[in-house]
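Structural overview
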Amino acid sequence: MSEDHSATPDDARHAEANALLGTVGVTRAKVDSQSSARASRKWWDADAAAYHDTHADFLGVDSPAGEFVWCPEGLHEGDWHLLGDIEGKRILEIGCGSAPCSRWLASHGAHPVGLDISRSMLDRGLAAMAAGGPRVPLVQAGAEDLPFADASFDLACSAFGGVPFVADSARVMREVHRVLRPGGRWVFSVNHPMRWIFPDDPGPAGLRATIPYFDRTPYVEVGPDGEPTYVEHHRTIGDRVREIVAAGLTLVDIIEPDWPEWLDREWGQWSPLRGEIFPGTAIFVTQKAN
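Every value quoted in this text rests on a predicted model; they were computed, and no experiment measured them.

In this section: the packing of helix H2 (residues 33-59) against helix H5 (residues 119-130). One way to put it is that H2 packs onto H5 with a least axis distance of 7 Å and a crossing angle of 45 degrees. Taken together, the axes of H2 and H5 are oblique relative to one another. Residues Trp44, Asp45, Ala48, Tyr51, His52 and Ala56 of H2 touch H5, and the partners they reach there are Arg119, Ser120, Met121 and Arg124. Of the residues that constitute the contact of H2 with H5, the class distribution is five nonpolar, two polar and three charged.

One open sheet holds the seven strands; their spatial order is E4-E3-E2-E5-E6-E10-E9, and the pairing between them is mixed. If you trace the sheet from one side to the other, it starts and ends with strand E4 (138-140) and strand E9 (249-255), each paired once. Across the sheet, the axes of successive neighbouring strands diverge by a mean angle of 20 degrees, strand direction being ignored. H5 contacts strand E3 (111-116) and E4 of the sheet and is inclined by roughly 165 degrees relative to E4.

Each pocket or cavity is described by its volume, and for the largest pocket that value is around 400 Å³. As for the largest pocket, its lining consists of 28 residues, of which Ser40, Ile117, Gly142, Ala143 and Gly162 are closest to the centre. At the level of secondary structure, the elements contributing two or more residues to the lining of the largest pocket comprise H2 and E3. For the lining of the largest pocket, the element with the most residues is H2, which contributes seven residues. Each residue belonging to the lining of the largest pocket can be placed in one class, and the counts come to 14 nonpolar, ten polar and four charged.

Take the confidence of the model for the protein next. Residues at a pLDDT of 70 or more form 96% of the protein, whose mean pLDDT is 94. This model gives residues 6-10 a pLDDT under 50, and the stretch forms 14 contacts once residues within four places in sequence are excluded.

A few words on empty space enclosed by the protein. This model, assessed by the stated rule, comprises two cavities of 30 Å³ or more. The computed volume of the second largest cavity comes to approximately 60 Å³. Surrounding the second largest cavity, Val190, Asn191, His192, Pro193, Arg195, Trp196, His233, His234, Arg235 and Arg240 form its lining. Here the lining of the second largest cavity is composed, by residue class, of three nonpolar, four polar and three charged.

Burial analysis of strand E5 (residues 153-159) places seven of its seven residues in the buried class, the great majority of the element. Two strands pair when backbone bridges link them, and strand E2 (residues 90-94) and E5 are joined in this way by three bridges, in the parallel orientation. Residue pairing across strands places isoleucine 91 opposite leucine 155, the latter belonging to E5. Where E5 lies against strand E6 (residues 180-191), six bridges are found, and the strand directions are parallel. Opposite leucine 155, over in E6, you have arginine 185 as the bridge partner. Between the parallel elements E5 and E6, the chain passes through helix H6 (residues 169-179) in a crossover that is right-handed.

Here we take up helix H4 (residues 100-107). Most of H4 sits out of view: seven of its eight residues are buried. Listing the buried residues of H4 in full gives Pro100, Cys101, Ser102, Arg103, Trp104, Leu105 and Ala106. Of the residues one or two after H4, glycine 109 is the one with positive phi, at around 90 degrees.

Attention now moves to the side chain of threonine 23. By the element assignment, threonine 23 lies in the loop between helix H1 (15-21) and strand E1 (25-28). Classification of threonine 23 as buried rests on a relative accessible area of 13%. Reaching out from threonine 23, the side chain makes a polar contact with the side chain of threonine 229 at a distance of 3.0 Å.

With that settled, consider H2. A rise of 1.5 Å per residue sets the reference length of H2, with its 27 residues, at 39 Å; its end C-alpha atoms lie only 28 Å apart and thus fall more than 12% short of the reference. At alanine 48, H2 is deflected by roughly 55 degrees, the largest bend along its length. Immediately beyond the C-terminal end of H2, within one or two residues, lies glycine 60, with a positive phi of roughly 70 degrees.

Moving on to the sheet that holds E1. In space, the three strands of this open sheet follow the order E1-E7-E8, with antiparallel pairing throughout. Of all the strands in the sheet, just E1 and strand E8 (228-232) have a single pairing partner and so form its edges. Each strand axis lies, on average, 25 degrees off the axis of its neighbour in the sheet, ignoring direction. In this structure, strand E7 (residues 219-222) lies alongside E8, joined through four bridges in antiparallel fashion. Bridge pairing in E8 places tyrosine 219 opposite glutamate 232. The strands touched by H2 are E7 and E8; relative to E8, the strand with the most contacts, the crossing angle is about 105 degrees.

Cut-off values and rules
Residue positions are counted from 1 within each chain, in the order its sequence is given. Whole-chain, interface and lining totals are the exception, using all residues; otherwise, since this is a predicted model, local features are given only for residues with pLDDT of at least 70 and side-chain atom pairs are given and counted only at 80 or more. The side-chain values count all of the structure's non-hydrogen atoms but skip hydrogen atoms and water molecules. Simply put, an axis is a line fit to the C-alpha atoms, just over the touching stretch for a helix, and the angle between two N-to-C directions goes from 0 to 180 degrees. Secondary structure is summarised from DSSP: a helix means a run of H or I of at least four residues, a strand means a run of E of at least two, and numbering begins at the N terminus for each. Oblique is the label for any angle not covered by the other classes, which are roughly parallel (under 35 degrees), roughly antiparallel (over 145) and roughly perpendicular (65 to 115). In what follows, a contact means two residues having at least one pair of non-hydrogen atoms within 4.5 Å. Each residue gets one label: Ala, Val, Leu, Ile, Met, Phe, Trp, Tyr, Cys and Pro are nonpolar, Asp, Glu, Lys and Arg are charged, and the others, such as Gly, are polar. Strand pairing is assigned whenever DSSP identifies at least 2 bridges connecting the two strands. Of the two site types, the cavity is a set of points on a 1 Å grid over the protein atoms alone where a 1.4 Å probe fits but cannot get out, and the pocket is an open set with protein on both sides within 12 Å along at least five of seven lines, each lined by residues with an atom within 4 Å of a point. Grid points are joined across faces, edges and corners, and a volume is the space filled by probe spheres set on the points. pLDDT is defined as a per-residue confidence score from the predictor, taking values between 0 and 100. Buried residues are those whose accessible area, probed at 1.4 Å on protein chains only, stays under 20% of the maximum for their type, while exposed residues exceed 50% and partly exposed ones sit between those limits. Think of it like this: strands point away, you trace from the first strand over the helix to the second, and a clockwise trace means the crossover is right-handed. Any N or O atom pair separated by 3.5 Å or less is treated as a polar contact, with the protein-specific requirement of one donor-capable and one acceptor-capable atom, and with residues adjacent in sequence counted only for side-chain atom pairs. In this scheme, a helix's expected span is set at 1.5 Å multiplied by one less than its residue total. Here the bend at a residue is taken as the angle between two axes, fitted respectively to the seven residues that end there and the seven that start there.

Put into structure tokens, the structure is as follows:
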């Protein structure tokens, strides 16, 4: 699951990664697929340790059976069943990180495969599996070119993994359609597109709209040579729907989770203050025709 950045690259949460990568500034610029993938791989390799220091408990990374949390609002697949019947199903998780979701699926009778662009994130998953619980195959690859045969999975999922970080998310939708068997579901969660218009601040400053919703220019952090060290791409709700439909998938539902009363935890720009006013997450439930 991703974590949005603040408007400056010196956020204490990401200080180690920024230092390793030499991040010096923030810009908005077009970034192609190759550059975006290279930045994501380097970023998540550099930030993996700090990310897990902050979020591993919430995500159940070190739980022997894993956990499947869809978003910072805490929606759990065990409660929502967005994937439907998973027992015995072959499931692809895109952007699996340290694979707590895949491990939870395996502990509930599924046959998942986890895919992520970052070796350091996958290594964290291997360490968790070595401590006990189900073993899950992990593959290092990007989401725009899935290294799997046609119709090789019953289901596919992504909890804030891959989709916000690729330059060509329409290609991801087509690739998922290709590897799904007829009738298979593809469910993915991303930061809600309307969040793009607000600063990444969990406090009052994050309640003031400052960026045009229709500006799709990526958010980019850069090193001293101008090379991207972190990239996040924006799509509107309409963009997402059109990409889904153009790939041959049917849109079943869009879930915009309420902020739960019991949750007082901040996650980057997610907070109770903002969560009471507007959604932080959008979950797209789609299906391939029979």
